[in-house]
Amino acid sequence: MGSEYSPSLRSGLPGLIFILETAFILIFYFCFSYECQSQSEDLTIYPAFQDVSVMVILGFGFLLAFLKRYGFSSTGFNLLIATLGIQWALLMEGFLFSSPSGKVKISLPSVAKATISVTAVLISAGALLGKANPIQLIWMAMVEVAAFSASRWINVQFLKVEEHTSLMHVHIFGTYFGLAASWWLYHSSLSKGVDKKKANPLSELFSMLGTLFLWMFWPSFNSVLIVDVTEKRNAISNTYYAMGVSAVAAFALSALSSRDGKIQMIHIHQATLAGGVALGFSAPFIPYPWIAMILGLLASNIAVLGSRCLEIYLNPVLKIHDTCGIHYTFGLPGLLGAIANVILFIIIKWASLSSLGYPVLIEVGSFMLTTAIGLGAGFITGFFLTFKLWKTLPASKYFDDQAYWEFPHLAHGF
Amino acid sequence: MRFKFSLLAIFLEALIIVLFGIFVRYQEDQRITNRVNIHKTILKSFGYEMNQIFQDVHVMIFVGFGFLMTFLKKYGFSSVGINMLIAALGLQWGTLVQGFWHMKEQKIHINVKSMINADFSTATVLISFGALLGKTSPVQMLIMTILEIAIFSCNEHLVVNVLRATDTGASMTIHAFGAYFGLAAARVLYRSGLKEGHKNEKSAYHSDIFAMIGTLFLWLFWPSFNSAIAETEYLQQRAVINTYFSMAACTLTAFALSSLVEHRGKLDMVHIQNATLAGGVAIGSCADMDIYPFGAMLIGSIAGFVSVIGFKFLTPFCSSKLKIHDTCGVHNLHGLPGFLGGLASIIAAAAHVRLKGTDSPSAPMQAAALGCTIGIALVGGAITGLILKLPFLGQAPDENCYDDSVYWEVPEEETHLVGQFSDSEDHRTINVNV
């Protein structure tokens, strides 16, 4: 339909996807094989892995479907970049982390790791929602997955961060990558409210569906890769109660912060998830549920306050447009979680005070490093995405499905 | 609403966190995990199988119940949103009050099973919420959550630990209890101003489809719900099988009856959304008994039958004569089938159906459990209704019922378009983009 007005993707997109897929298949053919041993151990995490898959595909897809004219693209492109990203993440994962001898082995945990890594891309895509076309999104996914794997590799290899913790950096990394990239795609018209940028009740309900799936399965997300039984159990229960608290607090704070005491759906979408994000790092180590609950309460606070203040004060100044509000849904709660993790670490290791300094420095350094790499890589990628070669959209065509999709009958109600 | 609701919610949350800080601890299993030979069973009970079922129950509570209630055309945000609020508050409070009955050394020890039970306890409130849907404010719902879960856990303790009745799928303790509690509260909160109906108390095409999402998720995961607290793996499997067949039989009956009772044989979406689930409710009490698949299918069919008949004839009667206005029809989906489930368990017990090994449940105890559940629910619901009627709780006036915009920021410009899928006047898109 809209092909006369916005650049057609016909020449670029299929070619790019075919080249990438062919390359992936060839690399998989030559370098990868399945793990032969310990398959039953693998299968025990299958249910949790399934939950994470639902979160990534269905949860994130529908969470982003809140724009009234962008539902097809939100869910569709989410599926596209998630599936592409998972394959690429498996490759990066395999080459960076496995021993050099022979073929790289694929097991269920490595697929789960790839799936979690890809959430970084989906979070960044939230910041660029409606402003980037599929070609740009695919390039972003490629760069971001590579950058995240590299940052993880540095963390694990040199800073000796635990693998699970390094994966939980995904929220911070994705957020700052996305924000830095969105600086390049900023257009002055975005700060004014565009009609297409709004939601309607139907699209907000779809978004709620995504929120609910993310919300429900977050305990699996935080615990899927933990091996130790007690830690796993703690991670599940801690996340469960933290999510509960952040949901209740989100409703209360949303009503409190609006002028006439009405609840805003957008706060519910964002703040209810903040608890799970904040718990990412420390969920397995928190000894009592109430600590987790307080973290959930704080995270929810930050998310609601962030969406009240940052949108108005910070983003126009920095010339950033964050469509989905990822900065306060994932970024700030993630930082809160990282800081809380350091504090908990100090408290738990208080007894061996003498040797405390260096490990604490490492903990702080690791998440600072992730943030820095995210910002840097995002900034470079953002610049790279503005090339005309990728058939960038004119700002008047932002937030519109019709630039990419064949519409049934120019549907009423959209 | 601004301060009343927020401050109450934050106060409750702070109170719960303090109580958690004082009482709740994780179950200690350090000692056992070190012994390798028991390692596998621990894995089973904590990490994997339980967690799988727990996730299913979680989906039912949040997506299933939430979206099932989105059928009102202007009340979708509240249905899903307040559903989430109630469930999130309820699961914390449920953990506490259920834990108080099983304290060890002044501490509540929690594991995945207590999380499942906490989710269960929220289900009762969500069922009652269905009866009151559209007629209450979030403040009232917070108070109802606290009161109902407290009463529910007492009743559950009475049924399970004192009377020692069997109620694996909780037909009685959750479904019948929640439904009759909600109906009693609805009777007390009856609005005579809405006798003639309300202009927003209707569904639209898309809102019915959203409700169908909820129905499907509930339908899919009901076997997990009914088998979650079965004692052994064998009983669990039997509960899954019985529920599975009961739901299938129920669905068929519901479709058939819906077509039969409507004029010109058309299907009614309300029946499909609700009556198809009645089989899962009714089979609950006998889910893990040895009633053979045909018994389960019989119970399911009767439940589907009763449920459709209830929607067609009983709901209008209740609403006009008994002054009980039941928005979602919870009486037909949870009340009657739950009662039916209780009856079925009495009959099964009287017929000496085996539960495990040789023992069978005792019929008088099942009857006592059914009676006391409904009695406590009615009395508790009436008292809760009276409390909710207190004027300072911000009950919305009649004309503001069934309307999201009283409590939510609803995207404005579109509100009049909701539900007008086939509105020929809306050519806005075409004008702008072609």
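Quick look at the structure, then. (Residues numbered from 1 in each chain as written. Chains lettered and ligands numbered in written order. Predicted model: local features only at pLDDT ≥ 70, side-chain atom pairs only at ≥ 80, totals over all residues. Heavy atoms only, no water.)

## Here we look at the overall build of chain B
Then, in step 1: Scanning chain B for helices and strands turns up 16 helices and three strands.
Then, in step 2: Taking contacts inside chain B between residues at least 6 apart in sequence as the whole, the part at least 24 apart equals 83%.
Then, in step 3: Of the roughly 17000 Å² that chain B leaves accessible, carbon and sulfur atoms contribute 65%. (Helix = DSSP H or I, 4+ residues; strand = E, 2+ residues; numbered from the N terminus. Contact = heavy atoms within 4.5 Å. Areas by Shrake-Rupley, 256 points an atom, 1.4 Å probe, with all protein chains shown as cover.)

## Focus: the overall build of chain A
Then, in step 1: Scanning chain A from terminus to terminus reveals 14 helices and three strands.
Then, in step 2: For 414 residues, the compact-globule estimate of 2.2 N^0.38 gives 22 Å, and the C-alpha radius of gyration of chain A, at 21 Å, lies within 12% of that figure.
Then, in step 3: Dimensions of chain A, computed from C-alpha atoms along their principal axes, come out at roughly 65 × 60 × 35 Å.
Then, in step 4: Split into buried and exposed, the 414 residues of chain A put 61% on the buried side. (Rg over C-alpha atoms; globule rule 2.2 N^0.38 Å. Buried < 20%, exposed > 50% of the residue type's maximum accessible area, 1.4 Å probe, protein only.)

## Observations concerning helix H6 (residues 134-157) of chain A
Residues lying three or four places apart along an α-helix face the same way, a consequence of the helix completing one turn every 3.6 residues.
Residue and element names in this part refer to chain A.
Then, in step 1: Compared with an ideal rise of 1.5 Å per residue, which puts 24 residues at 34 Å, H6 spans 34 Å between its outermost C-alpha atoms and is within 8% of the ideal.
Then, in step 2: Burial analysis of H6 places 17 of its 24 residues in the buried class, the great majority of the element.
Then, in step 3: Two to three positions downstream of the cap, the backbone nitrogen of Ile 135 sits 3.1 Å from a side-chain oxygen, assigning the N-cap of H6 to Asn 133. (Expected span 1.5 Å × (residues − 1). Polar contact = N/O pair within 3.5 Å; in protein donor to acceptor, adjacent residues only side chain to side chain.)

## Quick word on helix H9 (residues 201-223) of chain A
All names here are of chain A.
Then, in step 1: Taking 1.5 Å per residue as the helical rise, H9 with its 23 residues ought to reach 33 Å, and the 34 Å between its terminal C-alpha atoms agrees with that figure.
Then, in step 2: When the local axis directions of H9 are compared, the greatest deviation, roughly 50°, occurs at Phe 217, which is followed within four positions by the proline Pro 219.
Then, in step 3: With 21 of 23 residues buried, H9 lies mostly within the body of the structure. (Bend = angle between axes of the 7 residues up to and from the residue.)

## Points about the interface of chain B and chain A
Then, in step 1: If you look at the interface, chain B gives 73 residues, while chain A gives 67 residues.
Then, in step 2: When the two sides are added together, the surface that chain B and chain A hide from each other amounts to roughly 6600 Å², 71% of it contributed by carbon and sulfur.
Then, in step 3: At the junction of chain B with chain A, the criterion picks out zero salt bridges.
Then, in step 4: Our count for the chain B to chain A interface comes out at 12 residue pairs in polar contact (both at pLDDT 80 or more).
Then, in step 5: If you tally residues by element for the side of chain B that touches chain A, the top one is helix H5 (residues 76-100) of chain B, at 12 residues.
Then, in step 6: Taken together, the residues of the side of chain B that touches chain A sort by class into 42 nonpolar, 19 polar and 12 charged.
Then, in step 7: Two strands pair when backbone bridges link them, and strand E3 (residues 263-264) of chain A and strand E3 (residues 408-409) of chain B are joined in this way by two bridges, in the parallel orientation. Looking across to E3 of chain B, one finds that Ile 263 of chain A is bridged to Trp 408 of chain B. (Buried area = accessible area lost by both parts, 1.4 Å probe. Salt bridge = Lys/Arg side-chain N within 4 Å of Asp/Glu carboxyl O. Nonpolar A, V, L, I, M, F, W, Y, C, P; charged D, E, K, R; others polar. Pairing = 2+ DSSP bridges.)

## Quick look at a positive patch on the surface
All names here are of chain B.
Then, in step 1: On the surface, a cluster of positive charge is contributed by Arg 187, Lys 195, Lys 323 and Lys 389.
Then, in step 2: Along the chain, the position of Lys 389 falls in the loop between helix H15 (363-388) and E3.
Then, in step 3: A residue is classified by how much of its surface remains accessible, and Lys 389, at 43% relative accessible area, is partly exposed. (Patch = residues over 30% accessible without salt bridge, like charges linked within 9 Å, V, L, I, M, F, W, Y side chains within 5 Å. Lys, Arg positive; Asp, Glu negative; His and termini not counted. Charge placed at Lys NZ, Arg CZ, Asp CG, Glu CD.)

## Details of the packing of helix H10 (residues 229-257) of chain A against helix H11 (residues 265-279) of chain A
Residues and elements named next belong to chain A.
Then, in step 1: Where H10 meets H11, the axes come as close as 8 Å, and the angle between the chain directions of the two elements is 145°. Between H10 and H11 the crossing geometry is right-handed. Counted together, Asn 238, Thr 239, Ala 242, Met 243, Ser 246, Ala 247, Ala 250, Phe 251, Ser 254 and Ser 257 of H10 and His 267, Ile 268, Ala 271, Thr 272, Leu 273, Gly 275, Gly 276 and Leu 279 of H11 form the full contact between these two elements.
Then, in step 2: Grouping the constituent residues of the contact of H10 with H11 by class yields nine nonpolar, nine polar and no charged. (Axes fitted to C-alpha atoms, helices over the stretch in contact; angles between N-to-C directions. Left-handed = near helix turned anticlockwise from the far one by under 90°.)

## Some thoughts on the side chain of His 321 of chain A
Then, in step 1: With respect to the helices and strands, His 321 of chain A occurs in the loop between helix H12 (289-318) and helix H13 (326-348).
Then, in step 2: The exposure class assigned to His 321 of chain A is buried, which follows from its relative accessible area of 9%.

## Description of a nonpolar patch on the surface
Residues and elements named next belong to chain B.
Then, in step 1: Taken together, Val 379, Ile 383, Ile 387, Leu 390 and Phe 392 make up a surface patch of nonpolar side chains, about 440 Å² in accessible area.
Then, in step 2: Along the chain, Leu 390 falls in the loop between H15 and E3.
Then, in step 3: Under the relative-accessibility criterion, Leu 390 is labelled partly exposed at 36%.

## A closer look at unusual backbone geometry
Then, in step 1: Phi angles above zero are rare outside glycine, and Lys 160 of chain A is one such case at about 55°.
Then, in step 2: Among the secondary structure elements, Lys 160 of chain A is positioned in the loop between H6 and helix H7 (163-168).
Then, in step 3: Judged by its relative accessible area of 66%, Lys 160 of chain A falls in the exposed class.
Then, in step 4: Even without being glycine, Tyr 292 of chain B reaches a positive phi, approximately 65°.
Then, in step 5: For Tyr 292 of chain B, the location among the structural elements is in helix H13 (residues 292-322).

## Thoughts on the packing of aromatic side chains
Then, in step 1: Within this structure, the stated rule accounts for 42 aromatic pairs over all chains.
Then, in step 2: With centroids separated by 5.9 Å and ring planes inclined at 25°, the aromatic side chains of Phe 24 of chain A and Trp 88 of chain A adopt a geometry described as stacked. Of this pair, Phe 24 of chain A sits in helix H1 (residues 13-31) while Trp 88 of chain A is found in helix H4 (residues 71-97), placing the two residues 64 residues apart along the sequence.
Then, in step 3: Measuring from centroid to centroid gives 5.5 Å for Phe 384 of chain A and Trp 390 of chain A, while their planes differ by 65°, and the two rings are edge-to-face.
Then, in step 4: These aromatic residues form a ring-pair network of at least three members: Trp 139, Trp 183, Trp 184, Phe 379, Phe 383, Phe 384, Phe 387 and Trp 390 of chain A.
Then, in step 5: Above the plane of the ring of Tyr 288 of chain A lies Arg 25 of chain B, whose end atom (NZ or CZ) is 4.4 Å from the centre. (Phe/Tyr/Trp six-rings, centres within 6.5 Å; stacked < 30°, edge-to-face > 60°. Lys NZ or Arg CZ within 6 Å of the ring centre and 35° of its normal.)

## Side note on the packing of helix H3 (residues 46-63) of chain A against helix H5 (residues 108-127) of chain A
All names here are of chain A.
Then, in step 1: For the pair H3 and H5, the least separation of the axes is 10 Å and the interaxial angle reads 20°. As far as their axial angle goes, H5 and H3 are roughly parallel. Note on packing geometry: the crossing formed by H3 with H5 is left-handed. Counting all contacts with H3, which are made through Tyr 46, Phe 49, Val 52, Val 56 and Phe 60, the residues of H5 involved are Leu 108, Val 111, Ala 112, Thr 115, Ile 116, Thr 119, Leu 122 and Ile 123. (Parallel < 35°, antiparallel > 145°, perpendicular 65-115°, else oblique.)

## What to know about the pattern of salt bridges
Residues and elements named next belong to chain A.
Then, in step 1: According to the stated counting rule, one finds seven salt bridges over all chains in the structure shown.
Then, in step 2: Residue Asp 400 is joined to Arg 69 by a salt bridge in which the shortest nitrogen-to-oxygen separation is 4.0 Å. Within this pair, whereas Asp 400 is found in the segment after helix H14 (357-385), its partner Arg 69 is found in the loop between H3 and H4, the two being separated by 331 residues in sequence.
Then, in step 3: By relative accessible area, Arg 69 is classed as buried at 5%.

## Here we look at the nonpolar core
Buried together is how nonpolar side chains tend to be arranged in soluble globular proteins.
Then, in step 1: Formed by 223 residues in total, the largest nonpolar core has its most connected members in Trp 215 and Trp 218 of chain A together with Phe 62, Val 63, Met 84 and Trp 408 of chain B.
Then, in step 2: With 13 residues, H5 of chain B is the single largest residue contributor to this core.
Then, in step 3: Here Met 84 of chain B is in contact with Met 208, Leu 212, Trp 215, Ala 247, Phe 251, Ile 268 and Thr 272 of chain A together with Phe 62 of chain B, once residues within four sequence places are set aside.
Then, in step 4: Formed by 20 residues, the second largest nonpolar core is a distinct cluster that contains Ala 235, Leu 279, Ala 283 and Ala 292 of chain A. (Core = buried A, V, L, I, M, F, W, Y, C linked by side-chain atoms within 4.5 Å.)

Limitation: the analysis is restricted to geometry and does not speak to function.
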